[in-house]
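# Chains, contacts and geometry: an overview
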Amino acid sequence: MMYEIRDLHLSLPDMTRKPLLGAAPRIEILKGLSFDVPKGAVLGIVGGSGSGKSTLGRAMLRLLEPTGGSIHFAGTDITHRTEDQLRGMRQRFQMIFQDPMSSLNPRRRVGGIIAGPLRLHGMDGLTARVNEALDMVGLPQNFAQRYPHELSGGQRQRVGIARAVALRPDFILADEIVSGLDVSSQAQVLNLLGNLVKDLGLTLAFISHDLSVIRRLCNRVLVLHNGEIVEESETATLFDAPQAAYTRELLAAIPLPDPYQPWG
Amino acid sequence: MSGYLSIRNLTVCLKSGAPILRSVSLTVSAGQVHGLVGESGAGKSMIGKAVLGTLPRALHVTSGEIWLDGVNLLSLSQTERRKQIGATAALIPQDPLTALNPSKRIGPQITRRLVDILGWSKTKAQQRALELLDEVHIPNATRVMRSYPHELSGGMRQRILIASAFAAEPKLIIADEPTTALDVTVQKQILRLIAEMQQRHDTALLFVTHDLGVVSKVCDTLSVLYAGKVVEDAQMNRFFMRPIHPYSAALLAATPTYTDPTGSLTPVPEHVIEYVEKEVAEHDVRAAR
Amino acid sequence: MRDARGGEKRPIGMRLWLSGGWLTVLVLAALCAPLIAPKDPLMQDLFLGRLPPFWMDGSEPGYFLGTDSLGRDVLSRILYGARLALIVAVIAGSLTCIVGATLGLVAGFYRGWADRIISRFVDIWMAFPPVLFAILLIAVLGPGLTSIIIAIVVIDWTRFARVIRAEAMSQSAMDYVASAQVAGRTRFGTMMTEILPNVLPTIVALLTLEMGIAVIVEAILSFVNLSISTDSPTWGGMISEGRTSVHQAWWVLVFPLITLFLTVLSFSQLGEGLKDRFDPVLR
C-alpha cells in the first residue's frame, strides 16, 4: 500500500470568529476519512468547493498536521512526524499545484526551479536530470533559461510536472492542475500525466472538481462532500451506477457539450 | 439593422496596432441567446467590453459599428453613449465576490442604478428590488436586502447580480463567464435562472464562456472565436451535430465528457492551429489593403 | 494557443539615466573634492564676503557660486559637504536596511512569537515623534558622525520592518513556499532562497529611498546645529547659515538646497528605476 489513511480528522482555527481574548474556535474540515491508495493506483478525489479535497491533499503531503487519526505512507506512520523527520523522505511524495503562477517562484528560471529540489536531495548530474525532466514533459531544453512568466499556462503547468517527476518520486498528488487551463492545453496536460504515470510506474492522487477529467485519468474515485467520503468505487462503477445521492446530483449537473442531453 | 444588438466588422487594436478583435460581426435578436466561445486570449470578453464601452485603456476600436436598439453606439459622444448603454444594456459579471461592494448592504447596491440612472423614487426602487429578489428565488428578500455581500454564499451573490442586471429592464444583457467561479451543482441552478429570466423578460443575451457544455445548455446561436476572429457562426444544434470549421471540431474533440468510457482526449492538433493561423494572417493582409 | 509573451528588453529609462548620472557625479565630486575644489572650504576671507555667483555683477574669478558672509567658497563647501552626505547616506541607509529588513523578514515569514514580539516593538517605536527622538538621542550621545548614523538607524528601521514583514507575509502564502516544503527545504533555507529574492526588489527600492531620507535627516540635524562639528562643511549647515542672510546673499541658501533636492530625488528615482529595469517579473 502506498497510503493507508484511517479516521483522519483535521480542524483549523477560524480566525474570522476569533473572540477578542482566547483561542479561535476550530472548524472541522476533515471528519474522519478512511481509505487506502494501493501502489500503482490513479485515485481521483472529487468534490465541490468546501468539500475538504485540497485540505486532504495537503494533509497527505504533511503540509498540514492532522488533528486525529493516522496516515501511513509506504508502511511508515507520518501522521505527526516533524518537518526534520520528514525531510529525508520528502523526495518520495511530491505535489503538483493548482496555480503554477503561484507555485513557481517568479524570480527563478525554469532550470533552477526544477534543479532546486534535486540539489536538496543530494542528486548529481543536475543539468542532465533537468533536461531529461523537460524532455519527459515535452518542453524544449532551452526552456531551462526562461522565467515562468514567459511561458503560457499549459507550459507552466508542465514545468510543475517536470519539477515533481524529476525527483523520481513514488507518489504524486495533483491538486486541480488543469482547472485553470484551456481545453486544448488541458487535454495535452492530461494525456501527458497519464503517460508519465504509466511509464514511471507512479501512484497518483488527482484532485479535481470535474468528473469528466477524473474519468479520463483515474481508475478509482473518492467522492468527498462536507469533509466526509460519500462514495468510493472503481471509476467505471461510479459513472455507470453511482450509489450516493450526492454523486448522482454531481453527475446530473455536468453540462455535456450536447444540446440533446436531458439536463432539466 | 436586424436584431437587437448588431455588431458590424468590429476591429479593436492595441495602441501598437496589433489587432485584438478582427472584423467581428454578429447579431443577437430580442429573446435570443448568442454564445461567444473561444480559448483564453481569443477576445471573447473583449466583444462584450467593446459594446459596454469598458475596454481596457490600452485598447481602442479602430473600425466597425455597434448597433444597439437602432443606434450606432460608436457614432455617439462619450456621454450620450454611456446614457444609451445605461438605459438599454446590463452586465452579469464573472466574479460575484468582487462585483459587489463589500462595505455596502445589498439593497442600495441594487436600487442605486434605478435611482441614479432612471431617476426612480427610493420607495419605488425598493419595491422593484424586492420583486426582483423574489423573481431570482431568494427567500427572505427583506433580510437579504439588509445583508452585506460576505454574509451570502457565492450562488446567492450571483443571483443578486442577476437580479440587479435585470432591474432596469434592459434590452440586452451581456453575461461574461457568469458561472466559472461556481460549483457544478450551483452552476446548473444559476444557468437555469439566467435562461428563465431571459425568457420572461424577452431580453437579448450575449453569453461569453469557454465551456462548450454550458453553451449547449443556454444558447440558440454561437460564434467561435480564435485570435479575435470569428471562425464559425452557427445555429446551436447544427454546431454540435456537425461543426464546419476544423478548429470548432477540434475544440469539441478536446472537451472531456464523462459519458465517454474510453475517455480519449484529443488536443487541438498542430495542423488545425496552422490552418486557422493562416486564415487569421490572410484576414490581416486583406484588412491592410 | 497564441502567446505574445516574449523576452523583449526594455531600454534603460530616462529616470535611471538622470538619477544614476547625478549620483555618479556626486560620488566623484566627493571622492575628488580635495583635487577639484577651487578653494579651501574652511578658508575665511572677510574682504571677499558675500560675493555673488559668476554671472552676476561684482563676482570674482575663481568663486563660481559666490561666497558666504565669512568669505568661504560656496562651491567648495558643497563639494566637501557631499562627502559627509554620501557617507551618511550609504552607511546609515545600509545599516537601517539590514536591521529593519531582517526583523521584517523573520516576523513575516516565521510568524508566531517572533512576529508578535517584533510587531509590538515596531508599534511602540513608531509612537515616538522621530525628529524629536533623534535630537534627544544626539543630545545624549553627543554630536558626531557616529551619533548621526545611530540616530538614523534607530528612528527608521521600523519603516523597513513594517513593509518587508507585509511583503514576506504575502509571499509566504504563495504555493512556491509550500512547494519548497514538499521538496524538503528547511524553513531557513526557504526564507533565504525563495522569499528573499522575491522581497529583494522592494528592499532595494526602500534602501535607496532610505539613503535619500538619511541625507535629509543629516541636513535637518545640521540645521539645528546637532550634526558633526561646525568645522566640516555640511549641506544642512550651509542652509542654516544661508537662511540668516537670504536677502543679501540668496546663493548661499539656494545652491546647497538645490543639491540636496536633486540628491534626495535621485536616490528615490534610482530605486524605482532599478526595480523596473532588473526585476524579471516586471520586465
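Residues numbered from 1 in each chain as written. Chains lettered and ligands numbered in written order. Predicted model: local features only at pLDDT ≥ 70, side-chain atom pairs only at ≥ 80, totals over all residues.

### Quick word on the overall build of chain A
Secondary structure summary: chain A contains 10 helices and 10 strands in total. Rg of the C-alpha trace for chain A: 19 Å, near the compact-globule value of 18 Å for 264 residues, within the 12% margin. (Helix = DSSP H or I, 4+ residues; strand = E, 2+ residues; numbered from the N terminus. Rg over C-alpha atoms; globule rule 2.2 N^0.38 Å.)

### Digging into the overall build of chain C
In terms of regular secondary structure, chain C is built from 10 helices and 0 strands. From first element to last, N terminus to C terminus, chain C shows the α and β order α-α-α-α-α-α-α-α-α-α. Looking at chain C as a whole, 45% of its 283 residues are labelled buried. Considering only contacts within chain C whose residues lie at least 6 apart along the sequence, 71% involve residues at least 24 apart. (Buried ≥ 20, exposed ≤ 12 C-beta atoms within 10 Å, placed from the backbone. Contact = placed C-beta atoms within 7 Å.)

### Focus on unusual backbone geometry
The phi dihedral of A74 of chain A falls on the positive side, at around 50°, and the residue is not glycine. Residue class for A74 of chain A comes out partly exposed when judged on the 16 C-beta atoms lying within 10 Å of it. One non-glycine residue, A227 of chain B, lies in the positive phi region at around 50°. By the secondary structure assignment, A227 of chain B is in the loop between β9 (221-226) and β10 (229-235). Taking the number of C-beta atoms within 10 Å as the measure of exposure, A227 of chain B has 23 and is therefore buried.

### Quick look at helix α10 (residues 246-254) of chain B
When α10 of chain B is considered as a whole, its buried residues turn out to be Y247, S248, A250, L251 and A254 of chain B. Projected down its long axis, α10 of chain B shows its buried positions confined to an angular sector of 165°, all on one face. Packed against the buried residues of α10 of chain B are α7 (183-200) of chain A together with α8 (212-218), β9, β10, α9 (236-241) and α11 (270-288) of chain B. (Arc of directions from axis to C-beta.)

### Re the environment of V186 of chain B
All names here are of chain B. Tracing the backbone through its elements, the reader meets V186 in helix α7 (residues 184-201). Residue class for V186 comes out buried when judged on the 20 C-beta atoms lying within 10 Å of it. Discounting residues that sit within four places of it in the chain, V186 has contacts with G154 and G155.

### Regarding the sheet that holds strand β8 (residues 204-209) of chain B
All names here are of chain B. The sheet built from 6 strands is open, its strands ordered β6-β7-β8-β3-β9-β10 with mixed pairing. Because the sheet does not close on itself, it has two edges, and the strands there are β6 (89-92) and β10. Pairs of neighbouring strands in the sheet enclose a mean axial angle of 20°, with direction left out of account. As paired strands, strand β7 (residues 172-176) and β8 are joined by 5 bridges and run parallel to one another. Counted as the bridge partner of D176 is V208 from β8. In the packing of helix α6 (residues 154-166) onto the sheet, contacts are made with β6 and β7, and the angle to β6 comes to roughly 175°. (Pairing = 2+ DSSP bridges. Axes fitted to C-alpha atoms, helices over the stretch in contact; angles between N-to-C directions.)

### With respect to the confidence of the model for chain C
All names here are of chain C. The predicted model of chain C averages 83 in pLDDT, with 93% of residues at 70 or higher. Confidence scores differ between elements of chain C, with helix α2 (residues 33-36) showing the lowest mean pLDDT of 79 and helix α7 (residues 175-182) the highest of 92. pLDDT under 50 marks residues 1-9. Its contacts with residues more than four places away, or in other chains, come to 11 contacts. Both confidence scores are given for the complex: pTM 0.85, ipTM 0.85. (pLDDT = per-residue confidence, 0-100.)

### Observations regarding the nonpolar core
General note: in soluble globular proteins, nonpolar side chains tend to be found buried as a group. If you look at the biggest cluster of nonpolar residues, it comprises 167 residues, and the most contacted ones within it are F206 of chain A together with L172 of chain B. With 65 residues, the next largest nonpolar core counts L23, A151, L260 and L270 of chain C among its residues. (Core = buried A, V, L, I, M, F, W, Y, C linked by C-beta atoms within 7 Å.)

### Structural notes on the interface of chain B and chain A
Interface size is commonly expressed as the accessible surface area that is lost when the partners come together. Listed per partner, the contact involves 30 residues of chain B and 28 residues of chain A. Those elements that provide at least two residues to the side of chain B that touches chain A are α7, α8, α9 and α10 of chain B. Broken down by element, the residue count for the side of chain B that touches chain A peaks at 5 residues, all from α8 of chain B. A breakdown of the residues in the side of chain B that touches chain A according to their chemical character gives 14 nonpolar, 12 polar and 4 charged. (Nonpolar A, V, L, I, M, F, W, Y, C, P; charged D, E, K, R; others polar.)

### Remarks on the pairing of strand β4 (residues 59-68) of chain B
All names here are of chain B. As paired elements, strand β1 (residues 5-14) and β4 share 8 bridges and run antiparallel to each other. The residue bridging R8 from the neighbouring strand is E65, located in β4. Two elements, β4 and strand β5 (residues 71-72), share 2 bridges in a ladder whose sense is antiparallel. For L68, the partnering residue across the bridge sits in β5 and is V71. Once β4 ends, the chain turns through 2 residues before running back antiparallel as β5, passing D69 with a positive phi of about 55°.

### A word on the pairing of strand β7 (residues 171-175) of chain A
Residue and element names in this part refer to chain A. Burial of β7 is extensive: 5 of the 5 residues sit out of reach of the surface. Going residue by residue along β7, you find F171, L173 and D175 tucked away on one face and I172 and A174 tucked away on the opposite face as well. Bridge count for strand β6 (residues 93-96) against β7 is 4 bridges, and the pairing is parallel. In the sheet register, I96 faces β7, and the bridge partner there is A174. Where β7 meets strand β8 (residues 203-208), 5 bridges bridge the pair, whose relative direction is parallel. Bridge pairing links L173 to A205 in β8. The β-α-β motif built from β7, the intervening α7 and the parallel element β8 has right-handed crossover chirality. (Right-handed = clockwise from strand over helix to strand, strands pointing away.)

### A short note on the environment of A195 of chain B
All names here are of chain B. Positionally, A195 belongs in helix α7. By the C-beta count within 10 Å, which is 16 here, A195 ends up partly exposed. Residues A195 and K217, spaced 22 residues apart in sequence, show a C-alpha to C-alpha distance of 9.2 Å.

### Some words on the confidence of the model for chain A
Predicted coordinates in areas of low pLDDT are best not read in detail. Mean pLDDT over chain A stands at 92; residues scoring 70 or higher make up 100%. Here helix α8 (residues 211-217) of chain A is the element of chain A with the lowest mean pLDDT, 88, and β8 of chain A is the one with the highest, 96.

### Describing helix α4 (residues 122-135) of chain B
Residues and elements named next belong to chain B. Across its 14 residues, α4 extends 20 Å between first and last C-alpha, which sits within 8% of the 20 Å expected from 1.5 Å per residue. Those residues of α4 lying buried are A125, A129, L132 and L133. End-on, the buried residues of α4 take up no more than an arc of 95°, which puts them together on one face. Residues of α4 that are exposed and point more than 90 degrees away from the buried face comprise T123, E131 and D134. (Expected span 1.5 Å × (residues − 1).)

### Remarks on the sheet that holds strand β10 (residues 228-234) of chain A
Residue and element names in this part refer to chain A. Overall, mixed pairing links the 6 strands, which are arranged β6-β7-β8-β3-β9-β10 in an open sheet. Strands with a single pairing partner mark the edges of an open sheet, and in this sheet they are β6 and β10. For this sheet, the mean inter-axis angle between neighbouring strands, taken without regard to orientation, is 15°. As defined by bridge partners, strand β3 (residues 42-46) adjoins strand β9 (residues 220-225) across 4 bridges and the pair is classed as parallel. Its bridge partner lying in β9, V46 is registered against V223. Set on the sheet, helix α6 (residues 153-166) makes contact with β6 and β7; between it and β6 the angle comes to about 180°.

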